[in-house]
Amino acid sequence: MKSELEAKLGEEFLFMRMGKTVHEQIEEYGKIKDLYGAFGCSCGDGWYELLRSMCSEIVSAYEQEGIAVDIRALQVKEKFGILWFYHAYTDADEEISALDAADGLSIRFQPGRSDFHKKIDGIIEKWETKSANVCMSCGKPGKLRNDLSWIQTLCDDCYKKQ
Ligand SMILES: [Zn+2]
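Residues numbered from 1 in each chain as written. Predicted model: local features only at pLDDT ≥ 70, side-chain atom pairs only at ≥ 80, totals over all residues.

Peer 1: Can you break down the pairing of strand E2 (residues 71–79) residue by residue, with the values?
Peer 2: Here two bridges tie strand E1 (residues 41–42) to E2, and the two strands are oriented parallel to one another. Within the sheet, the bridge partner assigned to Ser42 lies in E2 and is Lys77. With respect to chirality, the unit in which E1 leads through helix H4 (residues 48–65) into the neighbouring parallel E2 is left-handed. Bridge count between E2 and strand E3 (residues 82–89): eight bridges; the pairing is antiparallel. By the bridge assignment, Val76 is partnered in E3 with Phe85. Adjacent in sequence and paired antiparallel, E2 and E3 are bridged by two residues, among which Phe80 carries a positive phi angle near 55 degrees. (Pairing = 2+ DSSP bridges. Helix = DSSP H or I, 4+ residues; strand = E, 2+ residues; numbered from the N terminus. Right-handed = clockwise from strand over helix to strand, strands pointing away.)

Peer 1: So what about the sheet that holds E2? Which residues, and what values?
Peer 2: The sheet built from three strands is open, its strands ordered E1-E2-E3 with mixed pairing. Edge positions in the sheet fall to E1 and E3, since each of these pairs with one other strand and no more. Sitting on the sheet, helix H7 (residues 115–130) is in contact with E2 and E3, with an inclination near 165 degrees to E3. (Contact = placed C-beta atoms within 7 Å. Axes fitted to C-alpha atoms, helices over the stretch in contact; angles between N-to-C directions.)

Peer 1: Can you lay out H4 for me, pointing to particular residues and giving the numbers?
Peer 2: Compared with an ideal rise of 1.5 Å per residue, which puts 18 residues at 26 Å, H4 spans 26 Å between its outermost C-alpha atoms and is within 8% of the ideal. Those residues of H4 that sit buried are Leu51, Met54, Cys55 and Ile58. Buried positions in H4, seen along its axis, are confined to an arc of 95 degrees and lie on one side of it. Exposed residues lying more than 90 degrees from the buried face of H4 are Glu49, Ser53, Ser56, Ser60, Glu63 and Gln64. Residues of H4 that are buried in the fold lie against helix H1 (3–12), E1, E2 and H7. (Expected span 1.5 Å × (residues − 1). Buried ≥ 20, exposed ≤ 12 C-beta atoms within 10 Å, placed from the backbone. Arc of directions from axis to C-beta.)

Pasting the structure below:
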């Protein structure tokens, strides 16, 4: 996603603020500790509004519950044409190294997560599912395309351009 759009998300939602670059992290920690901080949203610009709606719903849920926002974005990317929003809550000690190995499953179904955090997980899952119907390139209604060089979710117009 364009860096201006990532910056806009970070301005609106604190938990979407990016962090240190890959270079800075390697220099400081000897490894990449914060994938989201370094890479931001690894998806097309078409999902900006989708991400924005998801973040608004998350923040509203915290407000309704009267709880301070404690979610952290670990990695946000497009994979197999859908959105994957890996996340954790600041009180949980979770390592990003588990992400790709387990595709986030170990994180998502971690026991001991509060009912409220499970509710937030549910909101995220709902928007991840919705992403399969939103063109990742322009944001118009789209569908999964399995016949391109890699699986993408595109509207008819963007599909024809491929
Ligand atoms: Zn499109």
